[in-house]
Amino acid sequence: MTTPSKDVSFAQASDDVLITLFQNGDQRAFRVLVERYQERIRNLLFSIFHEPDFVDDLSQEVFVKVYEALPGFRFESSLYTWLYRIAVNKSRDELRRRKLRRFFSFQSLDDGTLAELETRMAHPPKDHESADLVAYGLRALPDHQRIVVILKDIEGFSYEEIADILQIEVGTVKSRLSRARTTLKNILGPIIKERIA
Amino acid sequence: MKSVIPPQDHQLLSRLLDGDLSDRERDVVELRIAKEPDLRTAYEELVRLRSLVRDLPHLPPDPFFWTRVKAALDSTRDEEKNLLPFPRSYLPAVVAAAFIVIVGAGLILVQNRLSILTFWERQSTALREAYQQGVVQGSLLPFFSNLDADRTLQFALYGTLPLDEEKGTTLKVDERSSTGYRIEVQKELPRKIKKLTVTEFMTEVQPTVSQRATLDSVLKAAREELEASVLVGADDAMAINVDLHRLNKAVVSGLVACLQPQQRVKFNRLLEEREAPYTVVSRSKEVRQADEVIKSFHASPKGPEFVVVTADSMRLSRFHVNMEAMRQSMSEGMIEEMALRRERAIRRLVSTTAEFDGPVIAHPDIPRMSVTSRKDRLTIELTQDSATDGAFFFNISVAPRIPVEELDGAFEQRSREGGSIPGTVRSGDFRGRVYVAPSPTVKGMRSDTAAKLDRKSRKPFKLDLRQ
């Protein structure tokens, strides 16, 4: 472990150095860590939920959780994957809550999303609409498949890193990702065909 | 569009896309893609799909994100502030101490379970027997139906209440008993007393409008309390609140407490003129409100205790009296029933010759009670361990007025400098008023002379003799 020097610039310090400083009582180090990862976490959550206001609230909760858990961080994984694990777990909790709410209100958001998607797909989308449709398509995926696609194709994690973040086997990551892509490809068929043509 | 590619081929294409295949695997798959149009299309679609997903828009940067996170952190810290009355680090020790106390209390309870069980058994047995043996059966009704403010004041000042004026029956609370007090129901009227009406009382003390309202409230509450203190059951059992002797003193103290010092002097003068058996010594000039005074009427927070007397039994029991329900019954034509019960009860109780005398089980203050019924008089005597001659409410003592002729005897005169001088006292030695003060009030009393008098009854009490 690198011993933090007083001369180390906070902005240039590695994650491990900043964590050590924070664990030794330097609160400034936490701000640097937040500012280093805030946009990635915000965008990860935005990819999952597509609700900007809610994403800001949830991102704050993620960093509050990080602040509480960081004193116990043991450097067994990188801060990067650890941070994503917290964010993904927070997202899962929220998705679970929403599912429960849907259950009790006798509504099915998934059905609604798919129906809307099918209606919109009946007409060829304009360019600026494609992104919306892809986002809709992602939301139509089961939660566990959506998160794998986001971590791989948007965040660019390796299979091993995704397995670490989701605490699952690498083989599971591969099969889950394959199924997710197949499903999404079927949902977004017209757009994909048009672009290839 | 549904894919016709088998799932295992899809996974191979997916892994090829991610660069996860070994060189050999990649060569095999790329060869198949070149030969199989469906596989090639599927792979191209996967490439396009990844491109579409990667091109999804991002959120614009949030320059104030840290500010909001910091605010959220500060808010969380505020919520976690220690609300315990001791440092959070002491929590384990406090929990351990609480555990030890609970275990200790449990052990004590277990070790003393027999005596605790016996105590509760006695309590419940006394009450159960009261009902089972028919001591109080059926609905209870107030004994008095004719109480008004004048009668209430009369009872407060003289301790007597006419039960049946036509037949001359009276209830009398006699607090001069040397070891306790006596409640008597007698056929003969007590010696002629000079009545004091509320109008005369008000004329004498000249209350302000608000004082008048306070005094009326106190008298009304006293009347209700008195109504609830003497009851008659359907089986002619008579239930008398054992704190009845205390109630009249509480009412007198309460009335005095509502008055200004000058009005108190006038009230005392009126008591003397009417030869009331009490004298009032006030050590506080504070004027009290009605609510405070009315609270003092209730002796025990556990509820009243009653001596329940029938023609052939007597008990001391605590039971709850629902006065509202009782008043409801009265308004439903129970007045006649009350009169009937009252007459029957008095006839049976007073005319029967009977005598009971014995210890009271499980009562801390009243170790012994006796009931004598003979010669047209029912007497209930309650012995108290700590018999007091006076009552103390709001630093006002209400004590029996001792006739001057009874003052002969030996005394110890206490000087202001301390110590005491033995001597004798004769009624002829004094001119002016004589106040008898219960012993606890002598300390600190601003009197010229305090004396301890040994009366003929051998009962020790203290005097505040003011010339």
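Small disclaimer: the values here were computed from a predicted structure and weren't measured.

A. Main features of the overall build of chain A. Of regular secondary structure, chain A possesses 10 helices and zero strands. For chain A, restricting intrachain contacts to residue pairs at least 6 apart in sequence, the fraction spanning at least 24 positions comes to 58%. About 9800 Å² of surface is accessible on chain A, with carbon and sulfur atoms providing 49% of the total.

B. Spotlight on the overall build of chain B. Each helix and strand counted, chain B has 13 helices and 19 strands in total. By residue count, 43% of the 467 residues in chain B fall in the buried class. For chain B, the computed accessible surface area is about 25600 Å², with 53% contributed by carbon and sulfur atoms.

C. Unusual backbone geometry, seen in detail. One non-glycine residue, A:F75, lies in positive phi territory at about 60 degrees. Note on A:F75: relative accessible area 26%, which makes it partly exposed.

D. Structural detail: the interface of chain A and chain B. On the side of chain B, 37 residues touch chain A, which itself brings 42 residues to the contact. In total, about 3700 Å² of surface goes out of reach between chain A and chain B, with carbon and sulfur atoms giving 66% of it. Ranking the residues of chain A by area buried against chain B places A:Q60, A:R181 and A:K185 at the top, with a combined share of 16%. Taken together, the links from chain A to chain B amount to four salt bridges. Summed over the shared surface of chain A and chain B, the result is 12 residue pairs in polar contact (both at pLDDT 80 or more). For the side of chain A that touches chain B, the per-class residue count stands at 21 nonpolar, eight polar and 13 charged.

E. How the structure looks around the environment of A:L70. With respect to the helices and strands, A:L70 occurs in the loop between α3 (52–69) and α4 (79–105). By relative accessible area, which is 0% here, A:L70 ends up buried.

F. Seen up close, the confidence of the model for chain B. All names here are of chain B. Of all residues in chain B, 58% have pLDDT values of 70 or greater, and the mean over the chain is 70. When mean pLDDT is taken per element in chain B, helix α2 (residues 23–35) scores highest with 92 and strand β18 (residues 449–454) scores lowest with 37. Across residues 131–135, confidence stays below pLDDT 50; counting only partners more than four residues off in sequence or on other chains, it has 14 contacts. Scored as a complex, the prediction yields pTM 0.43 and ipTM 0.82.

G. Highlighting the packing of aromatic side chains. Going through the model one piece at a time under the given rule, you end up with 13 aromatic pairs over all chains. Seen in terms of ring centroids, A:Y80 and A:Y84 are 5.1 Å apart; in terms of plane orientation they differ by 70 degrees. Their pairing is edge-to-face. You can see A:Y80 and its partner A:Y84 sitting in helix α4, four residues apart, about one turn around the helix. Here the aromatic residues A:F22, A:F30, A:Y67 and B:W66 are joined through ring pairs into a cluster of three or more. For the cation-ring pair, A:K152 lies above A:Y159, with the distance from its terminal atom to the ring centre recorded as 4.9 Å.

H. Representation of the packing of helix α8 (residues 159–166) of chain A against helix α9 (residues 170–187) of chain A. Residues and elements named next belong to chain A. In contact at an axis separation of 8 Å, α8 and α9 are set at 105 degrees when each is read in the N-to-C sense. The pairing of α8 with α9 is recorded here as roughly perpendicular in orientation. On α9, the residues touching Y159, E160, I162, A163 and L166 of α8 are V170, V173, K174, R176 and L177. The residue makeup of the contact of α8 with α9, split by class, is seven nonpolar, no polar and three charged.

I. How the structure looks around helix α1 (residues 7–18) of chain B. Over its 12 residues, α1(B) runs 17 Å from end to end, which matches the ideal 16 Å to within 8%, given 1.5 Å per residue. Those residues of α1(B) not exposed but buried are B:D9, B:H10, B:L13, B:S14, B:R15, B:L16, B:L17 and B:D18. Check the buried side of α1(B) and you find it contacts α7 (143–154), α8 and α9 of chain A together with α2 and α3 (37–54) of chain B. At the C-terminal side of α1(B), B:G19 shows a positive phi close to 70 degrees.

J. Seen up close, the pattern of salt bridges. Summed over the entire model, instances satisfying the criterion amount to 26 salt bridges over all chains. With a closest N to O distance of 3.0 Å, A:D56 and A:R42 form a salt bridge. With A:D56 in helix α3 and A:R42 in helix α2 (residues 28–49), this residue pair connects regions lying 14 residues apart in the sequence. Classification of A:D56 by relative accessible area gives buried; the value is 16%. Given the relative accessible area of 4%, A:R42 is considered buried. Between A:R97 and A:E94 there is a salt bridge whose closest N-O contact spans 3.0 Å. Placement of the pair is A:R97 and A:E94 together in helix α4, with a separation of three residues, close to one helical turn. Relative accessible area serves as the criterion here: at 43%, A:R97 is assigned to the partly exposed category. Salt bridges linked by common partners bring A:E39, A:R42, A:D56, B:D62 and B:R68 together as one network.

Quick notes on the rules
Residues numbered from 1 in each chain as written. Chains lettered and ligands numbered in written order. Predicted model: local features only at pLDDT ≥ 70, side-chain atom pairs only at ≥ 80, totals over all residues. Heavy atoms only, no water. Helix = DSSP H or I, 4+ residues; strand = E, 2+ residues; numbered from the N terminus. Contact = heavy atoms within 4.5 Å. Areas by Shrake-Rupley, 256 points an atom, 1.4 Å probe, with all protein chains shown as cover. Buried < 20%, exposed > 50% of the residue type's maximum accessible area, 1.4 Å probe, protein only. Buried area = accessible area lost by both parts, 1.4 Å probe. Salt bridge = Lys/Arg side-chain N within 4 Å of Asp/Glu carboxyl O. Polar contact = N/O pair within 3.5 Å; in protein donor to acceptor, adjacent residues only side chain to side chain. Nonpolar A, V, L, I, M, F, W, Y, C, P; charged D, E, K, R; others polar. pLDDT = per-residue confidence, 0-100. Phe/Tyr/Trp six-rings, centres within 6.5 Å; stacked < 30°, edge-to-face > 60°. Lys NZ or Arg CZ within 6 Å of the ring centre and 35° of its normal. Axes fitted to C-alpha atoms, helices over the stretch in contact; angles between N-to-C directions. Parallel < 35°, antiparallel > 145°, perpendicular 65-115°, else oblique. Expected span 1.5 Å × (residues − 1).

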